[in-house]
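Below, each chain spelled out in residue letters.
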Amino acid sequence: MSGASTSTAPGAEKAAKPKKAPKLSLAKALNAAMHDAMAADDKVVVIGEDVGELGGVFRLTDGLKKEFGERVIDPPLAESGIVGSAVGLAMRGYRPIVEIQFDGFVYPAFDQIVSQVSKVHNRTEGAVKLPMVIRIPFGGGIGAVEHHSESNEAYFAHTAGLRVVVCSRPVDAYWMMRQAIDCDDPVIFFEPKRRYHEPSPDQLDLAAGPARGLFEAEVLREGTDLTLLAYGPMVRTCLDVAAAAEADGRSLEVIDLRTLSPIDEETICESVRKTGRAVVVHEAARTLGASGWQAHRTVTFPLVFPALRGGSALALATVLGEFGATLVLTRPEWATLSTGLYERLGRPGERNLGEACALATVLLILAVAAQGLGGQALGDLAVAFAFLIPAFNIS
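Peer 1: Could you clarify how one ought to interpret the environment of D184 in this entry?
Peer 2: Locating D184 in the fold gives a position in the loop between α7 (170-182) and β6 (187-192). Given the relative accessible area of 11%, D184 is considered buried. Put simply, D184 and A90 are 94 residues apart on the chain and 9.6 Å apart in space, counted from C-alpha to C-alpha. One polar contact links D184 to R95, side chain to side chain, over a distance of 2.8 Å.

Peer 1: Mind showing me how you'd approach the sheet that holds strand β9 (residues 252-256) here?
Peer 2: Strand pairing in a sheet is mediated by backbone hydrogen bonds. Such pairs are either parallel or antiparallel. Pairing is mixed in the open sheet, where 4 strands are placed in the order β7-β9-β8-β11. Edge positions in the sheet fall to β7 (218-221) and β11 (278-281), since each has one partner strand and no second. On average, each strand axis in the sheet is inclined to that of its neighbour by 30°, with strand direction left out of account. Summarising the sheet, strand β8 (residues 226-230) and β11 pair through 4 bridges and their orientation is parallel. When the bridges of β11 are listed, A230 appears paired with V281. Strands in contact with helix α8 (residues 234-247) are β7, β8, β9 and β11; relative to β9, the strand with the most contacts, it is inclined by about 170°.

Peer 1: Mind showing me how you'd approach the pairing of β6 here?
Peer 2: Successive side chains on a regular strand alternate, one facing one side of the sheet and the next facing the other. Counting buried positions over the 6 residues of β6 gives 6, a clear majority of the element. Residue alternation in β6 divides its side chains into two sets, V187, F189 and E191 and I188, F190 and P192, and both sets are buried. Direction of pairing for strand β4 (residues 133-138) relative to β6: parallel, over a ladder of 6 bridges. Looking at β6, one finds that I134 is bridged to I188. Here strand β5 (residues 163-166) runs beside β6; their pairing, made up of 4 bridges, is parallel. Note that in β6 the partner of V164 across the bridge is I188. The parallel pair β5 and β6 is bridged by α7, and the resulting crossover is right-handed.

Peer 1: Please clarify how the packing of aromatic side chains should be interpreted in this entry.
Peer 2: The description of an aromatic ring pair rests on the distance of the ring centres and on the angle between the ring planes. Taken as a whole, this structure holds 9 aromatic pairs when the rule is applied. Between the aromatic rings of F58 and Y196, the centroid separation amounts to 5.0 Å while the plane-to-plane angle is 55°, which identifies the pairing as tilted. With a gap of 138 residues between them, F58 in the loop between β1 (44-48) and α2 (64-68) and Y196 in the loop between β6 and β7 connect regions that are remote in the sequence. With relative accessibility at 0%, the residue Y196 sits in the buried group. Ring geometry for Y174 versus W175: centroids 4.8 Å apart, planes at 85°, classification edge-to-face. Across the pair, W175 and Y174 agree in class, each one buried.

Peer 1: Sorry, what's going on with the environment of I181 here?
Peer 2: Looking at the secondary structure, you find I181 in helix α7. By relative accessible area, I181 is classed as buried at 5%. Measuring from C-alpha to C-alpha, the distance between I181 and M38 comes to 9.8 Å, with 143 residues separating the pair along the chain. Apart from the residues lying within four places of it in its own chain, the contact partners of I181 are A37, V44, R95, I97 and V133.

Peer 1: Sorry, what's going on with the sheet that holds strand β10 (residues 259-261) here?
Peer 2: Here 7 strands make up an open sheet; going across it, the order is β2-β1-β3-β4-β6-β5-β10 and the pairing mixed. One side of each edge strand has no neighbouring strand; the edge strands of this open sheet are β2 (72-73) and β10. α7 rests against β1, β3 (95-99), β4, β5 and β6 of the sheet, and its axis sits at about 160° to β6.

Peer 1: Sorry if this is basic, but what is going on with the packing of helix α1 (residues 26-40) against α7 here?
Peer 2: Between two packed helices, the angle of one axis relative to the other and the distance separating the axes together describe the packing. Where α1 meets α7, the closest approach of the two axes is 8 Å, and the angle between their N-to-C directions is 30°. Handedness of the crossing formed by α1 with α7: right-handed. Counted together, L26, A29, L30, A32, A33, M34, D36, A37 and A40 of α1 and P170, A173, Y174, M177, R178 and I181 of α7 form the full contact between these two elements. Residue composition of the contact of α1 with α7, by class: 13 nonpolar, no polar and 2 charged.

Peer 1: I'm lost on the pattern of salt bridges in this one. Help?
Peer 2: Opposite charge on two side chains permits them to pair, given that their charged atoms come into close proximity. Applying the stated criterion to the full structure yields 17 salt bridges. Taken together, the shared-partner salt bridges in this structure form one network comprising R169, D172, R212, E218, D256 and R258.

Peer 1: Help me out: how do you make sense of the environment of S151 in this one?
Peer 2: Residue placement: S151 occurs in the loop between β4 and α6 (153-157). A sequence separation of 12 residues divides S151 from G139, and the C-alpha atoms of the two residues are 5.0 Å apart. Apart from residues lying up to four places away in sequence, S151 is in contact with F138, G139, E283 and A284.

Peer 1: In this structure, what is going on with the packing of helix α3 (residues 79-91) against helix α4 (residues 110-117)? I would like to understand it.
Peer 2: At a closest axis distance of 8 Å, the pairing of α3 and α4 adopts a crossing angle of 25°. Compared by their axis directions, α3 and α4 come out roughly parallel. From α3, S80, V83, G84 and V87 reach across to α4, where they touch Q112, I113 and V117. Here the contact of α3 with α4 is composed, by residue class, of 4 nonpolar, 3 polar and no charged.

Peer 1: Which parts of the structure should I look at to understand unusual backbone geometry?
Peer 2: For residues other than glycine, phi is negative in most cases, and the peptide bonds are mostly trans. Cis geometry is adopted by the peptide bond preceding P262, which originates at S261 and carries an omega value of 0°. One can find P262 in the loop between β10 and α9 (265-275). Even without a glycine there, the phi angle at R59 is positive, about 65°. If you trace the backbone, R59 turns up in the loop between β1 and α2.

Calculation rules
Residues numbered from 1 in each chain as written. Predicted model: local features only at pLDDT ≥ 70, side-chain atom pairs only at ≥ 80, totals over all residues. Heavy atoms only, no water. Helix = DSSP H or I, 4+ residues; strand = E, 2+ residues; numbered from the N terminus. Buried < 20%, exposed > 50% of the residue type's maximum accessible area, 1.4 Å probe, protein only. Polar contact = N/O pair within 3.5 Å; in protein donor to acceptor, adjacent residues only side chain to side chain. Pairing = 2+ DSSP bridges. Axes fitted to C-alpha atoms, helices over the stretch in contact; angles between N-to-C directions. Contact = heavy atoms within 4.5 Å. Right-handed = clockwise from strand over helix to strand, strands pointing away. Phe/Tyr/Trp six-rings, centres within 6.5 Å; stacked < 30°, edge-to-face > 60°. Left-handed = near helix turned anticlockwise from the far one by under 90°. Nonpolar A, V, L, I, M, F, W, Y, C, P; charged D, E, K, R; others polar. Salt bridge = Lys/Arg side-chain N within 4 Å of Asp/Glu carboxyl O. Parallel < 35°, antiparallel > 145°, perpendicular 65-115°, else oblique.

Remember, this is a structural readout, not a statement about activity or role.
Printed below as a string of structure tokens:
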């Protein structure tokens, strides 16, 4: 993406030589990405608590102050002022990278982010762009106390006007950061702090360029029995689970979501239609967290967990589209029938409680026809029906 600045495409560097590609950890990859972006474009600046001489609490900005001087700014400890200053810089043609020291420190800047950062482009009817990246280390796993181990990504994924992405692996994180800096929209960039300094065998090849766009999910492991949807720190956990499940004869597909807003619905839905089951794995709050948001946008789950606990082979997902929902059953032969049923009943928002119960009854008949039902399966269906009623927007 291009803007008013002198930004170049990621990987197309100026005379300033990029850092020699090391054997990467996530922290080193992100540090290299910021370094190379600053070398390529003198409008890129870094601002945040202790990002200068100290190099940041996690040392992600280590060495940048020495090389780029006043373009690495140590402001007073006031997150609202830090983000507000970055807004002004972005409006004047700079591309600021803001570091929020810990996830729980972002709240003093919440008003700036949701009232200004997310709204400027729309408020000015596109006349003013706001190219800025707000980096947030998030999640647990480091033995820290409150304000230091939170997963608050859903707040921002629910805010129109913000791009929200989450990195998980070193090489991918490098290119995601380069693309985020180059983006003309404000990007909230979540980084799994528990994975910062884990060693990785991956090597960064600057000549290869990014493998995909910033706002695309990636299938990291193919599978047929169940889709694991994860992002950030849980991606590696899910890959480990999939490897362990393989020994039990289970084939799990693992998707790194990478982006929460916008979400890559096509990749998710294609996978769930194939496997018939989906489980979201994250550290955040379950209620109205990122999984709930993804459920309403793409796939409603968990309705059943047969791949994890045994029992019924039935899985039901609700794939939301522009004009309603499509019901997808585990058994492919029922997908067309359930889709036609939904089309006959009309849009979900027009349903009443009686119609919803009628649909639930039909689904029960389909399930009975598809397979024998045990006590566990009936319990699963009860949970499925509980999810169907809010999908109809019934009051």
